[in-house]
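Geometric and topological summary
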Amino acid sequence: LASAVSSKLLQAMADVEGFRFEETLTGFKWLGNRARQLEAEGFTVLFAFEEAIGFMFPQVLHDKDGVTAAAVFAEMRASLATRGATCVDQL
């Protein structure tokens, strides 16, 4: 999920990887509400973001949260390191 004013990079990545991408109106209330709707329909929402450097990981919290974003990033970095990879390698 991303808001209408956000970069289209996430959509391009989703298209390449075969993930569903949706755009919402601007604001985390729209992103959070849409994430909840999709989850109620049986979808797993992995990530949402907005151009104002706001990140949301619905599995943890349905709102913008920089601390959660940092923790998820650190967890990803640690997981990659156990495989001898870096974040740049993952991209």
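In short, a report on the structure.

Cut-offs applied
Residues numbered from 1 in each chain as written. Predicted model: local features only at pLDDT ≥ 70, side-chain atom pairs only at ≥ 80, totals over all residues. Heavy atoms only, no water. Helix = DSSP H or I, 4+ residues; strand = E, 2+ residues; numbered from the N terminus. Rg over C-alpha atoms; globule rule 2.2 N^0.38 Å. Buried < 20%, exposed > 50% of the residue type's maximum accessible area, 1.4 Å probe, protein only. Contact = heavy atoms within 4.5 Å. Phe/Tyr/Trp six-rings, centres within 6.5 Å; stacked < 30°, edge-to-face > 60°. Lys NZ or Arg CZ within 6 Å of the ring centre and 35° of its normal.

Comments concerning the overall build of the chain
When you go through the chain residue by residue, the secondary structure sums to four helices and four strands. Taken from the N to the C terminus, the helices and strands of the chain come in the order β-α-β-α-β-β-α-α. Here the chain has a C-alpha radius of gyration of 14 Å; the compact-globule value for 91 residues is 12 Å, and the two agree. Here the C-alpha coordinates of the chain stretch approximately 40 × 30 × 30 Å along the principal axes. Sorting the 91 residues of the chain into buried and exposed places 31% on the buried side. The long-range share in the chain, meaning contacts at least 24 apart out of those at least 6 apart in sequence, stands at 32%.

Section: the packing of aromatic side chains
Within this structure, the stated rule accounts for one aromatic pair. Measuring from centroid to centroid gives 6.2 Å for Phe 47 and Phe 49, while their planes differ by 15°, and the two rings are stacked. Note on Phe 47: relative accessible area 24%, which makes it partly exposed. Sitting over the ring of Phe 43, Arg 20 keeps its end group 4.5 Å from the ring centre.

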